[in-house]
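# Chains, contacts and geometry: an overview
Residues per chain are reported as follows:
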Amino acid sequence: MGEEIEVIHSWSAPRSLSTSLMYSFAQRNDIEVLDEPLYANFLRVTGVDRPYKEELRSEMENDGNKVVKEVIFGAGVKKYRYCKHIAKQRVPGLTNELMKRGKHFIMIRNPLEILPSFEKVVPPSFLELGLAELVSVYSELSESGRPPPVIDAADLRENPEATLRGLCEDLDIPFQDSMLRWEAGPKPFDGIWAPWWYKSVHKSTGFSPAKKYPMPFPTSLYDMLEQSLPFYNMLKRHARRSSSNYLNSTLPHPSLPVPANEKLLAWVGDEIVPRETAKVSVFDSIVQGGDGVWEGLRVYSGKVFKLEEHLDRMFDSAKALAFSNVPTREEVKEAIFRTLLRNGMFDNAHIRLTLTRGKKVTSGMSPSFNRYGCTLIVLAEWKPPVYDNEKGLMLVTATTRRNSPNNLDSKIHHNNLLNNILAKIEGNNAGADDAIMLDKDGYVSETNATNIFLVKKGRVVTPHADYCLPGITRATVMELVLKENLALEERRISLSEFHTADEVWTTGTMGELSPVVKIDGRIVGDGRVGPITLRLQNAYKNLSKDSGVPIPTYEKS
C-alpha cells in the first residue's frame, strides 16, 4: 500500500532542458517522476491543437483537479515524486493545493536558445512559450513567503554537478551522483508526445556543454525575442550562479554603500524604470564615445539646491558640444521632480543628471548618426556627503595633469572623465581620499573630483578656472567668503603654497565643503579643521537648508 509522498514541482518553459532534468532526477533511488501530468487538462481548457491531441486526451486524465489530488499528490512508494510542469499548463480552474503543497523550483533558458528549436513541432508564440506564466509562478510563490529556487539551463549544461548540488541544497534533499548520467533512449515514463519533442534528449546520456558557436538566429523570430527577454531576465536575476556562463560569476555580490538604494527607480530616456532595468542602448553616444554632459545636484529639506544654476551649466555644455534635439528646461525639471517623488526622496539625496547626445543609427563617431534626440538620465540616490567633513581628508598630488583648454575645455561639464579617473587611480594607490591635479605649467588646478581652496594668514585663495571646472559649489562658497567679510583671491597657486597653507578645503556637490588635513604627507595647519573652514561649513549648511527649488508635492486627482 502506498504512503504519502513529498512532491517536487519543476516549472519551466518548453525547450528548456526540462526533460533532461527529469531524466536526471529519475536516476535517484528515492524518487519517481511524472512527465507533464497536467497536459491533457491544458488541452481541454485551452483547445490548442497538437498532432497527438486525441491520443493524449484519451489516455491521460483530463480533469486537472483530479490529477492534482489523485496523481500529483496521490500515494506513492518512494520518498519523493518529481513533477515536470510546463508553466503554461497551469490554467485557470486548478485547485490552490497545486501551489501550496510540495517543494517548487523554476528552470529558465534564454529565449535566444529556445525559439529556433521550438517551431519544429508548434509555431512559436508568446503564449506558447509561457514565460509570463513562469514569472507568475515565481511571484505567487514569493508572495506566499516561499520564493522558489531558480536555475538556468546554461548553468546546468556548463557545470551540471555544481548546479544540481546547489538545487538539491535549496530543495533540502541530498545530492546523488547518479543524477549526472542516464542511459540513452526512450523512458517508460515519457509522455505520449515524446516522439515529437524528445528525439535529441533520447540520444543523450547526460548534460552536455552548449555548442561554442551557435546557429544564426532567424530574423522572423526577432519580435518574439524582444517580447520574451524581459521575463527571462527578471527570473535570471534570482538564479543561482554556479558557472562561468555568467560574466564575473566568480565575484561576490557586492554590498551597496547605502542598502536602501537597492530598490531605486531611475529616469532613462522618457520613462521611470527599476534600478536593474535602468540601461541605455549600446548605440547611445555615451557608450560609443563618452559623449554626454552631466550635473550633480543635492536635495535638502524638500528642495533641490542650486537647480537653476546646474541646469544653466548643463544646457551651456550641451550647446558647446553642439547637441541637437535637446529636451526643454521644463521637461528636464519634470523628469527630476517625478523621479524624486517616485522614490520618496526629499532630503539627504543626490542626483546624477546626465544628458547624452543620444542613440545612433549605426556605431561611429559622427554626430550625423544621432537622429533619435538626446537621452536624459536622472539617477537619484540616498547619499550623504561622500567625504568625512569632520575629521578631514588626505590628498596626494597626481602626475596626471588637468586638461588644457587647448585640448578639452573644462568649462564643458562632459562625461569623458578619463583624465580625472587616471588621477583618482593614483590617489587610490596612495591610500588618499583624492588627488590634486596640476595644470600644464605645474600650478594647482583642482582635485580629480572637486575644486580646492586654501587659507593663508586669513586670506582665502582658490585657483582660477582656466583649467578647472568652475563649480557651482565653488561659486557658492566664494560668495559666502565675501558675505563673511573675508578676503578672497583667485589666482595661480603653486603646490608649495598648499603644502604650507593654514587651512585647505575642497568643494563639490558630492562632498559639500570638505576640510583637508594632509597633503603629500605634510600636515595642513595643526592637522585639525580650521576656524575659517568651520565658519564656511556652517554658512553653507544654513544656505543649503534654507534655499533651493521646492519639489512639487503629490496631489490627488
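Under an unreviewed UniProt entry, the protein chain has the name Branched-chain-amino-acid aminotransferase-like protein 1 and belongs to Solanum stoloniferum. Word for word, the UniProt comment on the protein chain under Sequence similarities (unreviewed entry) is "Belongs to the class-IV pyridoxal-phosphate-dependent aminotransferase family."

## Description of the sheet that holds strand E7 (residues 271–274)
By definition, the strands of a sheet pair up through backbone hydrogen bonds, in either a parallel or an antiparallel sense. With antiparallel pairing, the seven strands of this open sheet are ordered in space as E7-E6-E11-E10-E8-E9-E21. The open sheet terminates on both sides in strands that have one partner only, identified here as E7 and strand E21 (549–550). Where strand E10 (residues 349–356) lies against strand E11 (residues 375–382), eight bridges are found, and the strand directions are antiparallel. By the bridge assignment for E11, Thr356 is matched with Thr375. Contacts between helix H16 (residues 329–343) and the sheet are confined to strand E6 (265–268), E7, strand E8 (292–300), strand E9 (303–304), E10, E11 and E21, with E11 contributing the most and set at about 35 degrees to the helix.

## Focus on the pattern of salt bridges
Under the definition given, this model contains 33 salt bridges. Close ionic contact of Lys84 with Asp35 constitutes a salt bridge, the shortest N to O distance being 3.1 Å. Taken together, the positions of Lys84 in strand E3 (residues 80–86) and Asp35 in strand E2 (residues 31–35) put the pair 49 residues apart, joining distant regions of the chain. For Lys84, a relative accessible area of 1% translates into the label buried. Note on Asp35: relative accessible area 8%, which makes it buried. For the salt bridge of Glu330 with Lys333, the shortest nitrogen-to-oxygen distance reads 4.0 Å. Here Glu330 pairs with Lys333, and both are found in helix H16, just three residues apart, close to one helical turn. On the accessibility criterion, Glu330 (53% relative accessible area) is exposed. Residue classification places Lys333 among the buried residues on the basis of a relative accessible area of 11%. Salt bridges sharing common partners tie together Glu308, Asp312, Arg329, Glu330 and Lys333.

## Re the nonpolar core
Membership of the largest hydrophobic core comes to 74 residues, with the highest contact counts inside it found for Leu21, Phe25, Leu56, Ile72, Tyr82 and Trp193. If one sorts the elements of this core by residue count, helix H8 (residues 131–143) sits on top with six residues. For Phe25, the residues in contact, after removing those within four places along its chain, are Ile31, Val33, Tyr82, Leu167, Leu171, Ile173 and Met179. Residues Trp267, Leu311, Ile336 and Phe337 belong to the second largest nonpolar core, which totals 27 residues.

## Here we look at the packing of aromatic side chains
A complete count under the given rule lists 14 aromatic pairs for this structure. Taking the centre distance of 4.5 Å and the plane angle of 25 degrees together, the rings of Phe25 and Tyr82 count as stacked. Placement of Phe25 in helix H1 (residues 18–26) and of Tyr82 in strand E3 is noted, with a sequence separation of 57 residues between them. Owing to a relative accessible area of 0%, Phe25 belongs among the buried residues under this scheme. These aromatic residues form a ring-pair network of at least three members: Tyr39, Phe42, Tyr52, Trp193 and Trp196. Above the ring of Trp294, the side-chain terminus of Arg352 is found at 3.6 Å from the ring centroid.

## Thoughts on the sheet that holds E3
What the five strands build is an open sheet, ordered E2-E3-E1-E4-E5; its pairing is parallel. Edge positions in the sheet fall to E2 and strand E5 (150–152), since each of these pairs with one other strand and no more. Neighbouring strand axes in the sheet, compared pairwise and without regard to direction, differ in orientation by 25 degrees on average. Sheet topology note: the E2/E3 ladder contains five bridges and is parallel. Looking across to E3, one finds that Glu32 is bridged to Arg81. Against the sheet, helix H10 (residues 160–171) engages strand E1 (6–12), strand E4 (103–108) and E5, with an angle of about 150 degrees to E4.

## Here's the deal with a nonpolar patch on the surface
The grouping of Leu418, Ile421, Leu422 and Ile425 at the surface amounts to a nonpolar patch, some 370 Å² of accessible area in total. Following the sequence through the fold, Ile421 ends up in helix H17 (residues 418–429). Exposure remark for Ile421: the relative accessible area of 43% places this residue in the partly exposed category.

## Details of the pairing of E11
The side chains of a regular strand alternate, first on one face of the sheet and then on the other. Across the eight residues of E11, six count as buried, placing the element largely inside the fold. Both E6 and E11 contribute to a ladder of two bridges, which runs antiparallel. Within E11, the residue paired with Val268 across the bridge is Ile377.

## Details of unusual backbone geometry
Positive phi, normally seen in glycine, also occurs at Asp172, with a value near 60 degrees. Relative to the helices and strands, Asp172 is located in the loop between H10 and helix H11 (194–197). Of the residues examined, Asp172 reaches a relative accessible area of 61% and is grouped as exposed. Despite not being glycine, Glu512 has its phi angle at roughly 65 degrees, a positive value. You can call Glu512 buried: its relative accessible area is 16%.

What counts and how
Residues numbered from 1 in each chain as written. Predicted model: local features only at pLDDT ≥ 70, side-chain atom pairs only at ≥ 80, totals over all residues. Heavy atoms only, no water. UniProt positions renumbered as here; feature names shortened; annotations may be inferred. Pairing = 2+ DSSP bridges. Helix = DSSP H or I, 4+ residues; strand = E, 2+ residues; numbered from the N terminus. Contact = heavy atoms within 4.5 Å. Axes fitted to C-alpha atoms, helices over the stretch in contact; angles between N-to-C directions. Salt bridge = Lys/Arg side-chain N within 4 Å of Asp/Glu carboxyl O. Buried < 20%, exposed > 50% of the residue type's maximum accessible area, 1.4 Å probe, protein only. Core = buried A, V, L, I, M, F, W, Y, C linked by side-chain atoms within 4.5 Å. Phe/Tyr/Trp six-rings, centres within 6.5 Å; stacked < 30°, edge-to-face > 60°. Lys NZ or Arg CZ within 6 Å of the ring centre and 35° of its normal. Patch = residues over 30% accessible without salt bridge, like charges linked within 9 Å, V, L, I, M, F, W, Y side chains within 5 Å. Areas by Shrake-Rupley, 256 points an atom, 1.4 Å probe, with all protein chains shown as cover.

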